[in-house]
Amino acid sequence: MSQGPRSGLAAVSSALLAMSRHLEVRDVLKTIVASARQLLDAQYAALGVPDDHGGFAQFVVDGVSDAQWKAIGPLPRQHGILAAMLHEATPERLADVRKDPRFEGWPSAHPDLIDFLGLPIRDGDEVIGALFLANKLRPVGGHPPCPKPEGSCGFTEEDEELLSILAQHAAIALTNARLYERSRELTIAEERSRLAHELHDAVSQKLFSLRLTAQAAAALVDRDPSRAKDEMQQVATLAAEATDELRAAVVELRPAALDEDGLTATLRTHVQVLDRAHTARVTFAAHSFRALPAAQEEAMLRVAQEALHNALRHSGAAHVDVTVDRRGGGAVLRVTDDGSGFEPQSIRRAGRHLGLVSMRDRTSGVGGTLTVESAPGKGTTIEMEVPGG
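Residues numbered from 1 in each chain as written. Predicted model: local features only at pLDDT ≥ 70, side-chain atom pairs only at ≥ 80, totals over all residues. Heavy atoms only, no water.

Brief notes about helix α11 (residues 356–365)
Note the threshold: Residue exposure (1.4 Å probe, protein chains only): buried if accessible area is under 20% of the type maximum, exposed if over 50%, otherwise partly exposed. Counting from the N terminus, the helices are the DSSP runs of H or I reaching at least four residues and the strands are the DSSP runs of E reaching at least two. As used here, the arc is the angular range of directions from the helix axis to the C-beta atoms.
When we look at burial in α11, the residues that qualify are Leu356, Met359 and Thr363. Viewed end-on, α11 has its buried residues packed into an arc of 60°, placing them on one side of the element. Facing away from the buried surface of α11 by more than 90 degrees, the exposed residues are Asp361 and Gly365. Looking at the residues trailing α11, positive phi occurs at glycine 367, about 75°.

Written as structure tokens, this is what we have:
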């Protein structure tokens, strides 16, 4: 993911905006480590999210190949330097991590780490992760760690300050991603009510923090200070606009009233919110639709939401279209995207990951049929037909 060293405010801005684009926790973690490694010219980067049992619930690396990662073996435990960052919540900048008295070794397949810069990721008083970099690279090109005076660390105080700002925004992105994933586990009414409160209280405050720390980042850039301040002001403007958009979306996320508003009105509101929240264009249309039994309308709503989630989070689609049409005495729901698609032969393997099993169960539970059409590079169409009542 890294494409060589980058410096200056443009790189800071790109890193912050990249983190804000993702809502899946795993995607956020990958973006954080890749951005940190690229921004600070490190050979390796890693981020660990601790569990409650002395290990890591998630551990993401950048700069290590899949083959290397597989050979390394199980996830690390919370010991040595990692434990210090998590439990003492202090930054660590070391000239040679192997010579630190807390160093406890690593598996034989593990890459050799020398320079080390690590920081805890904090959400208020809670440490929610540990972010670290290793092996500072040469200023130009992707070469081995740069020569440095004996006993000194390749990572500078300025690097530590910059990583500290990145860690603050990592906390924002990770917290928001956790809120999003938690919201998907709730019922429709609970989901919207909780999202309205948590996004308003948590995200608005953290985006305000983003504006403040973005201004602080400008002081770190010594190349073309005037331009740096102008660009950083633009980041602050974008953050303010994002706050306004979130407030507007929260107002629309009232509890779902399927019984009162009906399927088409509920779906239309849901699509409007998604269209505002994502870069993809999301549209909705209903033709000659008439009310269905409550169980069927609820099933269609849930299938539509799952299909929309897949299209917006996994397919890379630029356009997603949702339609509801009358068909005989029943109705047909269609969700079409122009995303990456997948091989039909892999549908069994991909089914559980994409929620297709759940969608099929919901459809069959109301006497309907579900059809999935997809091909690599050709997008995906999910069609659900119910017989009516």
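A few points about the nonpolar core
Note on soluble globular proteins: their nonpolar side chains tend to be buried together. We count it as follows: Residues enter a nonpolar core if they are buried and are Ala, Val, Leu, Ile, Met, Phe, Trp, Tyr or Cys, with the set joined through side-chain atoms within 4.5 Å. Any two residues having at least one pair of non-hydrogen atoms within 4.5 Å are treated as being in contact.
Formed by 33 residues in total, the largest nonpolar core has its most connected members in Leu267, Met300, Leu308, Val320, Leu333 and Met384. If you list the elements that add at least two residues to this core, you get α8 (258–277), β6 (281–287), α9 (294–313), β7 (319–327), β8 (330–337), α11, β9 (369–374) and β10 (380–386). Broken down by element, the residue count for this core peaks at nine residues, all from α9. Among all residues touching methionine 384, those that are not within four sequence positions of it are Ala299, Met300, Val303, Ala331, Val332, Leu333, Thr363, Val366, Thr369 and Leu370.

Section: the pairing of strand β2 (residues 56–62)
Keep this limit in mind: We call two strands paired when DSSP finds no fewer than two bridges between them.
Taken together, the six bridges between strand β1 (residues 42–50) and β2 define a ladder with antiparallel strand orientation. Each residue of the ladder has a partner; that of valine 49, found in β2, is glutamine 58. The loop that links β1 with its antiparallel partner β2 comprises five residues; one of these, glycine 54, has a positive phi angle of about 85°.

Notes on the sheet that holds strand β3 (residues 92–94)
Our working rule: Helix axes use the C-alpha atoms of the stretch in contact, all axes being lines fitted to C-alpha atoms, and the angles between their N-to-C directions lie in the range 0 to 180 degrees.
Strands sit in the order β2-β1-β5-β4-β3 across an open sheet of five strands; the sheet is antiparallel. With one partner strand each, in any of the chains shown, β2 and β3 form the two edges of the open sheet. Ignoring strand direction, the axes of neighbouring strands in this sheet form an average angle of 15°. Relative to strand β5 (residues 126–136), strand β4 (residues 116–123) runs antiparallel, the two being bridged by eight bridges. Bridge pairing links arginine 122 to valine 127 in β5. Running at roughly 40° to β2, helix α2 (residues 25–39) makes contact with β1, β2 and β5 of the sheet. Sheet contacts for helix α4 (residues 80–88): β1, β2, β3, β4 and β5; angle to β5, the most-contacted strand, approximately 140°.

As for the side chain of aspartate 337
Rules: Only four residue types enter the charge count, namely Lys and Arg as positive and Asp and Glu as negative; His and the chain termini do not. What makes a salt bridge here is a side-chain nitrogen of Lys or Arg within 4 Å of a carboxyl oxygen of Asp or Glu, nothing more. The term polar contact refers here to a pair of N or O atoms within 3.5 Å; inside protein, the definition further demands a hydrogen-donor-capable atom paired with an acceptor-capable atom, and it admits residues adjacent in sequence only when both atoms are side-chain atoms.
On the secondary structure map, aspartate 337 appears in strand β8. Buried charge aspartate 337 goes without a salt bridge, the closest partner of opposite sign being arginine 334 at 12 Å. Side-chain polar atoms of aspartate 337 contact the backbone nitrogen of glycine 339, separated by 2.8 Å. Every residue in contact with aspartate 337, bar those within four places of it in the chain, is listed here: Ala311, Ser315, Ala317, His319, Val320, Gly379 and Thr380.

Describing the packing of aromatic side chains
For clarity, the cut-off: Any two rings among Phe, Tyr and Trp, with Trp reduced to its six-membered ring, count as a pair given centres within 6.5 Å; such a pair is stacked if its planes are under 30 degrees apart, edge-to-face if over 60, and tilted if neither.
For the structure shown, the criterion picks out five aromatic pairs. Ring centres 4.8 Å apart and planes at 75° place the aromatic pair phenylalanine 103 and tryptophan 106 in the edge-to-face group. The exposure class assigned to phenylalanine 103 is partly exposed, which follows from its relative accessible area of 26%. The interplanar angle of 25° and the centroid separation of 5.2 Å between the aromatic rings of phenylalanine 116 and phenylalanine 132 together place this pair among those described as stacked. Here the residue phenylalanine 116 occupies a position in strand β4, and phenylalanine 132 occupies one in strand β5, the gap between them amounting to 16 residues. For the pair phenylalanine 116 and phenylalanine 132, a shared accessibility class is recorded, and that class is buried.

Some words on the pattern of salt bridges
All chains considered together, the criterion is met by 13 salt bridges. Across the pair arginine 281 and aspartate 275 runs a salt bridge, and its minimum N-O distance is 2.7 Å. According to the relative accessible area criterion, arginine 281 is partly exposed, its value standing at 44%. Aspartate 275 gets classed as partly exposed once you look at its relative accessible area, which sits at 21%. Measuring nitrogen to oxygen at the nearest pair gives 2.9 Å for the salt bridge that ties glutamate 383 to arginine 334. Linking glutamate 383 in strand β10 with arginine 334 in strand β8, this pair joins segments that are 49 residues apart in sequence. For arginine 334, a relative accessible area of 23% gives the class partly exposed. Each of Asp325, Arg327, Arg334, Glu383 and Glu385 takes part in a single network of salt bridges with overlapping partners.

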